[in-house]
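Examination of the molecular architecture
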Amino acid sequence: MIEALYKIIEMILFPGFAFIGVLSLLYEWIDRKFYARLQNRIGPLYAGPHGILQPLADFIKLLSKEDIIPEGADKFLFTLTPILFFAINLLLTLFLPICGTTGVISFTGDLIFFVALLTIISILVYTAGMASTNRFATIGAERAVLQLIGYEIPFMLSIVSVAISSRSLTIKNIVESQSSIWHILGPNFLAFIIFAITAQAELERIPFDIPEAEQEIVAGWLVEYSGKKLALFRLGKDVETLLLCGLGATLFLGGPLGPVVPGLEIVFYTLYFIIKSIIVLLVLTTLRALFARLRVDQMLVLSWKYLIPLSLISVLIVRVVF
Amino acid sequence: MPRPGYMVSEIYKNLLKKRATILYPFKERELVHLPKGFRGRIIFNRDKCIGCQMCFRVCPAQAIKIIEDERGKRPIFFMYRCIYCGSCAEYCPVKAIELSDIFENIAFNKKDLLVK
Amino acid sequence: MSFYIPIGPQHHVHPEPLLMKFKVEGEQVIDVEINVSYTHRGIEKGFEYRDYMKGIFLAERICGICNAAHTLCYTQNIEQLLGKEIPPRAKYLRLIVEELSRIHSHLLWLGLAAHQIGFETLFMYVWRDREKVLDLLETITGNRVVTAYNTIGGVRRDITPEIEQKIRKSLDYLEERTKYFKKVVMEEPTVLVRTQNVGILKPREAIELFAVGPVLRASGIKHDIRADDPYIAHDEVPFNVVTYDTCDVYARILVRVDEILECINMVRYSLDHLPSGEYRIRMPVIVRPPPGESVSRVEAPRGELLHYVRSDGSDKPYRYKVRTPTLANIPSTARMLTSRGDYIVYIADIPIIFGSIDPCLCCTGRVMFIDIEKSKSWVWTYNELVRYSLKRFERHD
Ligand code: SF4
Ligand code: SF4
């Protein structure tokens, strides 16, 4: 009984939904602020100290906006997708080992489950675009699927090479196998680079913000969404950012592990996790500031010509070493 | 030679630099760069004006109206029509008109934008 | 399956109103229809109701960014009509401001081009450094963009030694930065793949479709009014006409970037060789040129600009005609945006291809009323336009 209650508190408060919500808004702020500073701008400024509440303010503003469902849209799918998008992202965060070596949910082989659900997110992007029947949204949705074909394989392979080197498909074991040395410092460095690039594609950020290319197709698959639905998508995206940064930290930077003071493990683990995932976030933000957007065909060429062979090489190296 | 991420050193250099944006409307107003001879809101000196109406004739935007007051003919300036060309100041024979460096010519009421 | 997608009249890459209707198949563009007439302002008619001096300020407002070129063209025209020669110092001063505003325009465009291919960082840096040249223009003329510098008979302000020092200092900075931006464009692979072999305009097509300015020069044709038909001090200030022959967007970027470097050298040269003496000859407020007509051409930042004036001896022009470079470049854009043979245009390329002509649509609008049912066409007179606009204005007042 107490056990179950404890699990529920874990799920809802810490390190569950409430904590994740706050953290993901914080990450959006870090991303925006750092991006702005790289470009010699200020970034968010007025809401809260240094604009730290700006993502929250945006979210609340969007909630209060009129929610329009276009006449031609498939109403059921149009309403369902934002909810699913947010829910799946939130569900996945429960797997992240934030305050210990295991997440709130953990079972043998949960990495496979995790990655499979990540793919579903991209499929949801497709349904979101198609359900709104806007021309720009349709093009955006098509691009999202094309892009999925491009980045999914190297993304998986980079995870596989980590799994091989820790000889496990369970997040818990992967974290524990890094207690002596982080994966990024070993032969998995190449895998980390590929992970960072493909995570950028998964998150639809420059240079791979092709499905929502603002300059070309306005907002792509998001174009018809407004009000609460858009707010859900935006928050879902933030959670996804946290998810991938967390995954990067877990797989390559040793997750929450580090020197701890006995008795205060939870605090230290959480702190290490946050610091490490912020490092991954900064890497992703730097990538975002460095490039121009690719065209979708060029993105496919990039991934099939360079990323997939590279990730295969990385898997091979790891296989030989371990 | 193409090099992916060519700007990487530049962006990190800029991370340490002071931001280029100035917090203009609320703070750092003194950083707004205004050179000598800026063409802003008109300052009119009634004592100098001799009522020759030259400014009225050259104004391309019809922002000037000539009215009569106790000392004779004089111009008034509607800043909401003015295009800040500076013709009036240039052609005024006694230099009664001057373009100042007040550039925030916004008001809720048209009357506030009347220069007398 | 093909369908139409509209770009414009409201689209955030091209803040100016125009409608491009694209027939697309998947990601490929098959056909395009361009409609530019959303911003007709009745400017040509407006000239006929203003005397020559006030016309300068109207000419200035044809286009905000090329305003120096427009006033230059206008004042040259009127000076030709009057048979007046401006003092040599004024010629150099005009050249300095013209070239500075060309630098400003090209930097602005470079930033926009970076924005159009999604390179936000480059966009921010270019626009940050563009402030330097805007500050220069502000110091020389009294305003950042709308210079109001040229006037009939010369220029309105002189350059003092302090301003000269300031110009030289800023030019050094601009030169260094422009060289850096050129390197970024030439070495960043994502920029290269987005711009090379995109928006091809073959030299023959460019001539057939009357392309002008950097678009023409990027197709490898050496054509620049400054060199072919020198005006103001261009016959004394040496410069190279920049051409590239890859005929694509990449060439257009490089042409403009190299032109910035040329402009910087030209401004330096003219500061070194600035003649002394008067900078303007005083003109009466009302000028009455003798009856006759005159044409003047200027190389505006976007290409060849042509003004035509006809005078009937009164204090107002009888007819004024403006041919702006963007209007001349629209047919070639339509060609660049259409897939043909193995040259394929993708939806993703639309912004940068259209952007590569440096469109400035506010000076492009033309209007004519056409009643399809009665197959009749007519134009509005100035008074009708004024009445219409006043009616609109009152409603919102
Ligand atoms: S500055 Fe120009 S527009 Fe303004 S009042 Fe003077 S002449 Fe008229
Ligand atoms: S031109 Fe000068 S003196 Fe003449 S009316 Fe105008 S302000 Fe007065």
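Each remark here, short or long, concerns the structure printed above.
Reading the values: the criteria
Residues numbered from 1 in each chain as written. Chains lettered and ligands numbered in written order. Predicted model: local features only at pLDDT ≥ 70, side-chain atom pairs only at ≥ 80, totals over all residues. Heavy atoms only, no water. Helix = DSSP H or I, 4+ residues; strand = E, 2+ residues; numbered from the N terminus. Rg over C-alpha atoms; globule rule 2.2 N^0.38 Å. Areas by Shrake-Rupley, 256 points an atom, 1.4 Å probe, with all protein chains shown as cover. Lys, Arg positive; Asp, Glu negative; His and termini not counted. Charge placed at Lys NZ, Arg CZ, Asp CG, Glu CD. Buried < 20%, exposed > 50% of the residue type's maximum accessible area, 1.4 Å probe, protein only. Contact = heavy atoms within 4.5 Å. Near = heavy atom within 4 Å. Nonpolar A, V, L, I, M, F, W, Y, C, P; charged D, E, K, R; others polar. Pairing = 2+ DSSP bridges. Buried area = accessible area lost by both parts, 1.4 Å probe. Salt bridge = Lys/Arg side-chain N within 4 Å of Asp/Glu carboxyl O. Polar contact = N/O pair within 3.5 Å; in protein donor to acceptor, adjacent residues only side chain to side chain. Axes fitted to C-alpha atoms, helices over the stretch in contact; angles between N-to-C directions.

**A word on the overall build of chain B**
When helices and strands are tallied, chain B shows three helices and five strands. Taken over C-alpha atoms, the radius of gyration comes to 22 Å for chain B, far larger than the 13 Å a tight globule of 116 residues would show. Once the C-alpha set of chain B is aligned to its principal axes, its extents read approximately 75 × 35 × 20 Å. In the structure as shown, chain B presents an accessible area of about 7,100 Å², 58% of it carried by carbon and sulfur atoms. Mean positive and mean negative side-chain charge positions of chain B (22 and 12 charges, respectively) differ by 5 Å.

**Topic: the environment of E259(C)**
Residues and elements named next belong to chain C. Here E259 lies in helix α11 (residues 249–272). A relative accessible area of 3% means that E259 is categorised as buried. Expressed as a C-alpha distance, the spacing of E259 and H106, which sit 153 residues apart in the sequence, is 8.2 Å. Not counting residues up to four positions away in its chain, the partners in contact with E259 are R102, H106, R217, R226 and V242.

**What to know about the site of ligand 1**
As a matter of local geometry, ligand 1 sits amid I42(B), C59(B), P60(B), I64(B), C82(B), I83(B), Y84(B), C85(B), G86(B), S87(B) and C88(B). Residues of the shell around ligand 1, tallied by class, amount to nine nonpolar, two polar and no charged.

**As for the pairing of strand β6 (residues 292–300) of chain C**
Remember that side chains alternate between the two faces of the sheet whenever the strand is regular. Residue and element names in this part refer to chain C. Here nine bridges tie β6 to strand β7 (residues 303–311), and the two strands are oriented antiparallel to one another. Opposite A300, over in β7, you have G303 as the bridge partner. Between β6 and β7, which pair antiparallel in sequence order, lie two residues.

**Details of the interface of chain C and chain B**
Taken residue by residue, the interface counts 37 residues in chain C and 31 residues in chain B. Among the residues chain C hides against chain B, the three largest losses belong to K54(C), E187(C) and V285(C). Together they make up 19% of the total. Here chain C is connected to chain B by three salt bridges. Seen at the junction of chain C and chain B, the total is 16 residue pairs in polar contact (both at pLDDT 80 or more).

**Structural notes on the interface of chain A and chain B**
Each partner contributes to the interface: chain A provides 12 residues, whereas chain B provides 15 residues. In this assembly, chain A packs against chain B so that about 1,200 Å² is buried in total across both faces, 65% of it on carbon and sulfur atoms. For chain A, the biggest contributors to the area lost against chain B are R37(A), N40(A) and L290(A); these three give 43% of the whole. Taken together, chain A and chain B are joined by zero salt bridges. The tally of links from chain A across to chain B stands at five residue pairs in polar contact (both at pLDDT 80 or more).

**A few points about the sheet that holds β6(C)**
All names here are of chain C. Pairing within the open sheet is antiparallel, and its three strands lie in the order β6-β7-β8. Edge positions in the open sheet fall to β6 and β8 (317–323), since each of these has one partner strand only. Ignoring strand direction, the axes of neighbouring strands in this sheet form an average angle of 15 degrees. Bridging between β7 and β8 involves six bridges; their strand directions are antiparallel. Along β8, the bridge assignment pairs L306 with R323. The strands touched by helix α3 (residues 67–82) within the sheet are β6, β7 and β8, with β6 carrying the most contacts at an inclination of about 150 degrees.

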